[in-house]
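An overview of the molecular structure
One letter stands for each residue in the lines below.
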Amino acid sequence: MRVVFRVDASLDIGTGHLMRCMTLADELHHRGAMAAFLCRDLPGNLIELTRSRGFETEAIAHEDPAQVARLRPDWVVVDHYGLGSAWERAVRPDARKILVIDDLADREHDCDLLLDQNLNEDMEQRYASRLPAHCRQLIGPHYALLRPEFAEARARLSRVRKPASRLVISFGGIDATNETTRVLNALANLPALSLDVVIGPGHPNRGEIQALVSQHPGATLHIGTNRMAALMSEADAFVGAGGSTTWERFCLGLPSLVIAVADNQVATARHLSKLGAIEYIGRQSDLTPAGLRAALLRFLADHEGRTRMAELGMKLVDGLGARRVAQAMLDLTGA
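Residues numbered from 1 in each chain as written. Predicted model: local features only at pLDDT ≥ 70, side-chain atom pairs only at ≥ 80, totals over all residues. Heavy atoms only, no water.

Comments concerning the pairing of strand β5 (residues 97–101)
Most of β5 is tucked away: 4 of the 5 residues are buried. Here strand β4 (residues 75–79) runs beside β5; their pairing, made up of 4 bridges, is parallel. In the strand pairing of β5, V77 is matched with L99. One crossover worth recording links β4 to the parallel β5 by way of helix α4 (residues 85–91), and it is right-handed. (Buried < 20%, exposed > 50% of the residue type's maximum accessible area, 1.4 Å probe, protein only. Helix = DSSP H or I, 4+ residues; strand = E, 2+ residues; numbered from the N terminus. Pairing = 2+ DSSP bridges. Right-handed = clockwise from strand over helix to strand, strands pointing away.)

If you want it as structure tokens, here you go:
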């Protein structure tokens, strides 16, 4: 089976879409499929990363259905907010099946599978009238695309609930608004905390963050780490953005204080906060330094609330979503 992924990463888009697609590509590869990527050559792209992982990757300058046709796919997987039913219909003659990964539910799709791994109030109705009648929907964090290391770490996990003394701070691979620096400043003069600060190798404020981390006696900076599951397993709490890392944290029972850094994170963050699964404190543009520090101190002091978050998160996500999505694809192709 040959699978073509149409997905981008950039300074504006972030890295989450491509990273979850690579997770699915790895799972499909383990099941004998061949995966290839079509990615725009945008500032901050991860084209060399996909190539280094062994995936055939073509850098494209514009959208052209012929690019898909040349690769002769059995499946096309599209994870892109800028593409919808018009593009999907254009590639349909050259693909046996189409999987769309979406979480906006703001446009029509022509696909055979629709994956939305988020959790919102209207999940069962979000895509009503936007999909063909034959399309199967894979809805909710039961299908979250997590790397195998998270399920493996979960199996070894031994949580002892205690006051939060070790934090992971991460705002994704790009962190365009430099929330990492804001949080480090808000946590200044709290020497009892151990901090694992995670940034991408292309973070535009890397030097500033390195300087701040060096000033905190219990802080360690991790750049482009492949040990995220281990860091989360060792931590008592997390501070960072919404997005796909939400499900990683849930899988490992890591309570989190969340700041929305993109509009598409807001609805899910609000709903999860309402359920008691996270502590959501708002959009990054609405937070003052004093308000951020106060929210951090409240979160760190709320031992019972963090315990409830951890328990609920682990009930929602078990880390096996990529297996379920890959099997759904194989089932539809009779493989």
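So, the layout of surface pockets
Empty space within the second largest pocket amounts to approximately 180 Å³. At the level of secondary structure, the elements contributing two or more residues to the lining of the second largest pocket comprise α6 (179–186) and α7 (206–215). (1 Å grid on protein atoms, 1.4 Å probe; cavity = no way out; pocket = protein on both sides within 12 Å on 5 of 7 lines; lining within 4 Å. Points joined across faces, edges and corners; volume = space filled by probe spheres on them.)

Regarding the pairing of strand β1 (residues 2–7)
In the case of a regular strand, side chains alternate between the two sheet surfaces. Judged by how many residues are buried, β1 sits mostly within the fold: 6 of 6 residues are covered. Alternating positions in β1 separate into two faces, R2, V4 and R6 on one and V3, F5 and V7 on the other, with burial throughout. Judged from the 5 bridges that link them, β1 and strand β2 (residues 34–40) form a sheet pairing that is parallel. Its bridge partner lying in β2, R6 is registered against L38. Between the parallel pair β1 and β2, the chain is carried across by helix α1 (residues 16–30), and the sense of this crossover is right-handed.

Section: the packing of aromatic side chains
Counting across every chain of the model gives 3 aromatic pairs. The interplanar angle of 10° and the centroid separation of 4.9 Å between the aromatic rings of F5 and F37 together place this pair among those described as stacked. Of this pair, F5 sits in strand β1 while F37 sits in strand β2; the two residues are 32 residues apart in sequence, bridging distant segments of the chain. For the pair F5 and F37, one class covers both residues: buried. Ring geometry for W247 and F250: centres 5.5 Å apart, planes at 90°, overall edge-to-face. With a gap of 3 residues between them, W247 and F250 both fall in helix α9 (residues 245–251), about one helical turn apart. Considered together, W247 and F250 belong to a single accessibility category, that of buried residues. (Phe/Tyr/Trp six-rings, centres within 6.5 Å; stacked < 30°, edge-to-face > 60°.)

Regarding the packing of α6 against helix α11 (residues 289–301)
The interhelical angle for the contact between α6 and α11, taken along N-to-C directions, is 70°, at an axis separation of 9 Å. Relative to α11, the element α6 is oriented roughly perpendicular. Two packed elements cross with a definite hand, and for α6 against α11 that hand is right-handed. Residue-level contacts link R182, V183 and A186 of α6 to L292, R293 and L296 of α11. Among the residues making up the contact of α6 with α11, the classes are represented as 4 nonpolar, no polar and 2 charged. (Axes fitted to C-alpha atoms, helices over the stretch in contact; angles between N-to-C directions. Parallel < 35°, antiparallel > 145°, perpendicular 65-115°, else oblique. Left-handed = near helix turned anticlockwise from the far one by under 90°. Contact = heavy atoms within 4.5 Å. Nonpolar A, V, L, I, M, F, W, Y, C, P; charged D, E, K, R; others polar.)

Here we look at the sheet that holds strand β6 (residues 113–116)
A sheet is described by the order of its strands in space; here 7 strands give the open sequence β3-β2-β1-β4-β5-β6-β7, paired in parallel fashion. Of all the strands in the sheet, the pair left with one neighbour each is β3 (56–60) and β7 (136–139). This sheet shows a mean twist of 15° between the axes of neighbouring strands, independent of strand direction. Pairing between β1 and β4: 5 bridges, direction parallel. Bridging across to β4, R6 finds its partner in V78.

Structural notes on the sheet that holds strand β13 (residues 279–283)
Taken together, 6 strands build an open sheet; the order of strands is β10-β9-β8-β11-β12-β13 and the sheet is parallel. If you trace the sheet from one side to the other, it starts and ends with β10 (219–223) and β13, each paired once. Neighbour-to-neighbour, the strand axes of the sheet open up by a mean angle of 15°, direction not taken into account. Lying over the sheet, helix α10 (residues 266–275) contacts β12 (256–260) and β13, oriented at roughly 150° with respect to β13.

Spatial relationships are all this shows, so hold off on functional conclusions.
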